[in-house]
Amino acid sequence: MESMISQNPPASTSGQLWEDHVTHVQQVASKFSFWVLLLPAALCAWIGTQSQSPLWEYTLKPYQETYAPAVLMAAVGLAATMWIVRRGFFYRWLTILSVCLLCREFHFWGTSTGIYIAIPLVMWYASANFDSMKPYVNHRLLVSLFVGAFITYFFTITVDRAVWKFLPNHSHWRNNVEETLETLGHLMIVAVIIISAFLPQGKTRADAAS
């Protein structure tokens, strides 16, 4: 009886889970390098100032609406292939994420709103299986590219909603910046998949069971 009274009451499971998710976000954030944001920043500056360049034409929406799905289909194919080869959670998760992004890119019914539900759920899924994400979440380049991709996606939302309309010639470059940066974000996801393929497999017991 005395031993039972002296025991500490168990911590709240939900509270512990929340703390775990916060800790995982902090760990990922600690690996992020802001230099990767030079990529979208430089692309924005180029599109906004070099409209006379022959290459500027390829930032137009018709071109980008062809490139973006092709890049995401490559991401799905690469992630699924790595999942088959390595059988790890990380690639299963990347396959799910890439499929979500591809469905949004094809503008299937409900995906415009659904993506804002799907992405948080996919991120929660990653956090809930955080140990199985190693060594990938400890790799600074992978984390920087991945987080940079989603910062780039977020920036495209601000462009789409005309947050930057106070800038010169906004109406001239707005669609170009939005569409081209979105493709850049997709390319960064592809880069994550390719670079991760060269890392040691580092399977956990959870991976082996998947």
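As a reminder, the structure under discussion sits directly above these lines.
Calculation rules
- Residues numbered from 1 in each chain as written.
- Predicted model: local features only at pLDDT ≥ 70, side-chain atom pairs only at ≥ 80, totals over all residues.
- Heavy atoms only, no water.
- Helix = DSSP H or I, 4+ residues; strand = E, 2+ residues; numbered from the N terminus.
- Buried < 20%, exposed > 50% of the residue type's maximum accessible area, 1.4 Å probe, protein only.
- Contact = heavy atoms within 4.5 Å.
- Areas by Shrake-Rupley, 256 points an atom, 1.4 Å probe, with all protein chains shown as cover.
- Phe/Tyr/Trp six-rings, centres within 6.5 Å; stacked < 30°, edge-to-face > 60°.
- Disulfide = S-S within 2.5 Å.
- Salt bridge = Lys/Arg side-chain N within 4 Å of Asp/Glu carboxyl O.

> Help me understand the overall build of the chain in this model?
A tally of helices and strands in the chain yields nine helices and zero strands. The helix and strand sequence of the chain, counted from the amino end, reads α-α-α-α-α-α-α-α-α. Here the chain holds 210 residues, and the buried ones make up 38% of them. Partitioning the contacts of the chain with sequence separation of at least 6, the portion at a separation of at least 24 is 77%. Accessible area of the chain: about 12,300 Å², with a carbon and sulfur share of 67%.

> So what exactly am I meant to see when it comes to unusual backbone geometry here?
Apart from glycine, the bulk of residues carry a negative phi angle, and the bulk of peptide bonds sit in the trans form. Residue lysine 134 is joined to proline 135 through a cis peptide bond whose omega torsion reads 5 degrees. Structurally, proline 135 can be placed in the loop between helix H6 (111–128) and helix H7 (140–160). Residue arginine 87 is not a glycine yet carries a positive backbone phi of 60 degrees. In this fold, arginine 87 is placed in the loop between helix H4 (61–86) and helix H5 (89–105). A positive phi is found at alanine 162, a non-glycine position, where the angle reads about 60 degrees.

> Please explain the packing of aromatic side chains as it appears in this structure.
Between two aromatic rings, the relevant description is the distance of the centres plus the angle of the planes. Taken as a whole and assessed by the stated rule, the structure comprises 14 aromatic pairs. Considering the side-chain rings of tyrosine 91 and tyrosine 136, the 5.8 Å spacing of their centres and the 75 degrees angle between planes classify their relative orientation as edge-to-face. Of this pair, tyrosine 91 sits in helix H5 while tyrosine 136 sits in the loop between H6 and H7, placing them 45 residues apart in sequence. Taking the relative accessible area as the measure of exposure, tyrosine 91 reaches 1% and is therefore buried. Residue classification places tyrosine 136 among the buried positions, given a relative accessible area of 6%. When the ring of phenylalanine 106 is compared with that of phenylalanine 108, the centres are 5.8 Å apart and the planes differ by 40 degrees; the resulting orientation is tilted. Relative accessible area serves as the criterion here: at 39%, phenylalanine 106 is assigned to the partly exposed category. Take phenylalanine 108: its relative accessible area is 45%, and that puts it in the partly exposed class. Taken together, Phe90, Tyr91, Trp93, Tyr136, Phe146, Phe150 and Tyr153 form an aromatic cluster joined through their ring pairs.

> I'm lost on the state of the cysteines in this one. Help?
Such a bond, covalent and formed between the sulfur atoms of two cysteines, is termed a disulfide. A full pass over the atoms with the stated rule returns zero disulfides. Between cysteine 100, a cysteine without a disulfide, and cysteine 103, which holds the nearest cysteine sulfur, the sulfur-to-sulfur distance is 6.7 Å.

> Is there a simple way to think about the pattern of salt bridges in this case?
If the charged atoms of two oppositely charged side chains come close together, the side chains can form a pair. In the structure shown here, the tally under the stated rule is two salt bridges. One salt bridge in this structure joins lysine 61 and glutamate 65, with 3.9 Å as the shortest N-O distance. In this pair, lysine 61 and glutamate 65 are both assigned in helix H4, four residues apart and thus about one turn of the helix distant. One salt bridge in this structure joins lysine 134 and aspartate 131, with 3.8 Å as the shortest N-O distance. Look at aspartate 131 and you get exposed, because its relative accessible area is 52%.

None of the figures reported here should be taken as evidence of function without further support.
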